[in-house]
Amino acid sequence: MSSASKDKDLQAQSLHVEKVSTTSSERQPEHPDDLDGIENTQSGKYSWLVAITAGVGGLLFGYDTGIISAVLVYLDGDLGKVLNSSEKELITSITSGGAFIGAVAAGLTADRYGRKGAIYMGCLLFTIGAVLQATAFSLAQMTVGRLVVGLGVGSAAMIVPLYIAEVAPAKYRGRMIGLDNMSITGGQLISYGIGAALAHTNHGWRVMVGLGAVPAIILSGLLPFCPESPRQLIYHDKHDQAAVVIQKIFPQGSLEQVQQKVQHISIHVAEAKALEGGKGRFWQLKQLYVIPGNLRALISACGLMAISQLGGFNSLMYYSSTLFALVGFANPVAVGTIIAATNFFFTFVNFMVVDRFGRRRILLCTMWGMALFLALASVAFHWIPVNHDLTLQSNKIGWPAYVVLACMIIYVGFYSTGIGNMAWVSSEFFPMEVRSLGTMMLTCSCWGSNIIVASTFLTQMENTTPSGAFGFYAAICFFGWIAVYFCYPEVKGMTLEDIREVFQHGFGVRYARQLQKEAKMKRQMANITA
């Protein structure tokens, strides 16, 4: 059968599905999950290519948040004055503030205009922000440029993992969202490498920030080749287009299985629309809090995200060059590149194991290590002679500085293998009717926590000493590890439509474990009978 005739058959059958799914519930199957057999077929390269393309948005996110570490070191007096700690915190944290607003805007428009519209807007904002920063000769213009970039960062951070989650096959969803995380850490690594390469170039920081426009232009050129997510197409009554996209995602699936998948999604979309009932966005947002299952999903997802941001990693991302200059290293940007490379490598490790071992197990095996090595770094800082204004009493690099570096590298390894990536995967917790708003709140919890860290880290270091600051981060990681044990269920391998059932049973830790056992037994029985 030719591709064109196959698409026509899919469109004809999907129109039939549209009619069936909107009739009375008596005609719907007793077990909608029986319609999801296509998830057991082999997926093709198409969904991976779409996820990689969308992941360029993560590259933008990583580059524009990571490059500020090098920029702060090499600004000197190019903005008309030498910046003090408060002014450095301003141009760093203003990006997080802009990202908070960008995430809200993307969340409020993602259902109406689709997922791709918010990505296009993010590309435009990244480009404008890069130009404003590269041409800045005053603190005010630099601040505005960082704010505009922040709007793009927030839009990309919110919409890209949501978009990938909706086009990914269930068994590869963790890995595919992990591609976005790899792009983020890859962008940070590239930013550190470029920062080190341009360290001795006059006004090299302008080139650093200006290069942020390049991936934005590339992404905007590739997006026309990516589809809207099938769930969004069905939500907007475009069943024929959704069937074509599903067939491309599952090329080994039969026409009947494609039809059943469209019907399966249609049933859940119909439930979501029935719950919405033409209500406004504020009413939909309220459902995240007044429906117990949604609230528990929100607490689990946003709680993990807040811990990932408040647990010390962002202080390294934004201020690693400043931090390593503080402990006495002569080329702090190059040393910071080691941290970025570690982050990227262990993000790849997470990519390889997330769907094999599961989200919960990886979190429980890594978060204790974060707490331990932050505590060791806190102790090592006690032996580094630092003045109240964060200047060294001696330029000699002693053993404590190397202990701090080693602790930071190991801490980042634990972070990137676990919570650094898992926090973004949690967008899969939210049911269809509140998924975009739930992911918006997830992203807002990221950037709200980010603002706190970016705007207070240097001040906290001055007032509580480096030992006190890193001891505080260690405590957050430890208590977060305990919270994950009680409140974070395992949902690997489940479809987005099935996950909503987990949070109908408390935080669903035991219920999800039972579902995983049942699914494993079904797979074993299927293998025996095959």
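Residues numbered from 1 in each chain as written. Predicted model: local features only at pLDDT ≥ 70, side-chain atom pairs only at ≥ 80, totals over all residues. Heavy atoms only, no water.

Engineer: Which residues make up the packing of helix 15 (residues 292-310) against helix 21 (residues 435-487), and what values go with them?
Structural biologist: Two numbers describe how helix 15 lies on helix 21: the axes approach to 4 Å, and their chain directions differ by 155°. One finds that helix 15 runs roughly antiparallel with respect to helix 21. Helix 21 is crossed by helix 15, and the crossing has left-handed handedness. Classifying every residue of the contact of helix 15 with helix 21 by side-chain character gives 17 nonpolar, six polar and no charged. (Axes fitted to C-alpha atoms, helices over the stretch in contact; angles between N-to-C directions. Helix = DSSP H or I, 4+ residues; strand = E, 2+ residues; numbered from the N terminus. Parallel < 35°, antiparallel > 145°, perpendicular 65-115°, else oblique. Left-handed = near helix turned anticlockwise from the far one by under 90°. Nonpolar A, V, L, I, M, F, W, Y, C, P; charged D, E, K, R; others polar.)

Engineer: Break down helix 14 (residues 281-290) for me, citing the residues and quoting the values.
Structural biologist: Because each turn of an α-helix spans 3.6 residues, side chains separated by three or four positions end up pointing in the same direction. Burial in helix 14 covers these residues: Gln284, Gln287 and Leu288. Buried positions in helix 14, seen along its axis, are confined to an arc of 105° and lie on one side of it. (Buried < 20%, exposed > 50% of the residue type's maximum accessible area, 1.4 Å probe, protein only. Arc of directions from axis to C-beta.)

Engineer: So what about the nonpolar core? Which residues, and what values?
Structural biologist: A general trend in soluble globular proteins is that nonpolar side chains are found buried together. Core analysis: the largest hydrophobic core is formed by 123 residues, its most contacted members being Met408, Tyr411 and Phe470. Top element by residues in this core is helix 21. It accounts for 17 residues. Discounting chain neighbours no more than four positions away, the residues touching tyrosine 411 are Gly311, Gly312, Phe313, Leu316, Met370, Phe373 and Leu374. Counting residues in each nonpolar core, the second largest holds 20 residues, with Leu72, Ile91, Ala136 and Leu139 among its members. (Core = buried A, V, L, I, M, F, W, Y, C linked by side-chain atoms within 4.5 Å. Contact = heavy atoms within 4.5 Å.)

Engineer: How would you summarise empty space enclosed by the protein if you had to cite specific residues and measurements?
Structural biologist: It is a probe the size of a water molecule, rolled over the atoms, that shows where empty space is left. Per the stated rule, a full pass over the model turns up six cavities of 30 Å³ or more. Taken as a whole, the largest cavity spans an internal volume of roughly 190 Å³. Where the lining of the largest cavity is concerned, the elements lending two or more residues are helix 8 (173-197), helix 16 (313-326), helix 17 (332-357), helix 19 (399-417), helix 20 (419-425) and helix 21. The calculated volume of the second largest cavity comes to roughly 80 Å³. Lining the second largest cavity are Glu39, Glu166, Val167, Ala168, Pro169, Pro230, Arg231, Ile246, Ile249, Phe250, Lys261 and Ile265. Elements with a contribution of two residues or more to the lining of the second largest cavity: helix 7 (139-167), helix 11 (230-235), helix 12 (239-249) and helix 13 (255-276). For the lining of the second largest cavity, the residue count by class is eight nonpolar, no polar and four charged. (1 Å grid on protein atoms, 1.4 Å probe; cavity = no way out; pocket = protein on both sides within 12 Å on 5 of 7 lines; lining within 4 Å. Points joined across faces, edges and corners; volume = space filled by probe spheres on them.)

Engineer: Kindly report on the packing of aromatic side chains, identifying the contributing residues and their values.
Structural biologist: Considering all chains together, one arrives at 20 aromatic pairs under this definition. Aromatic pair phenylalanine 345 and phenylalanine 346: ring centres 5.1 Å apart, planes at 90°, arrangement edge-to-face. Geometrically, the ring pair formed by phenylalanine 381 and phenylalanine 470 is stacked, given 5.2 Å between the ring centres and 25° between the ring planes. On the criterion of sequence distance, the pair formed by phenylalanine 381 in helix 18 (residues 359-381) and phenylalanine 470 in helix 21 is long-range, its members being 89 residues apart. The exposure class of phenylalanine 470 is buried, given its relative accessible area of 0%. Here the aromatic cluster, defined as three or more aromatic residues joined through ring pairs, consists of Phe381, Phe457, Phe470, Phe472 and Tyr473. Geometry around phenylalanine 351 places arginine 175 over its ring, the cationic atom sitting 5.9 Å from the centre. Stacked on the ring of phenylalanine 137, the Lys or Arg arginine 206 has its end atom at 4.0 Å from the ring centre. (Phe/Tyr/Trp six-rings, centres within 6.5 Å; stacked < 30°, edge-to-face > 60°. Lys NZ or Arg CZ within 6 Å of the ring centre and 35° of its normal.)

Read these as layout, nothing more, since geometry by itself doesn't imply function.
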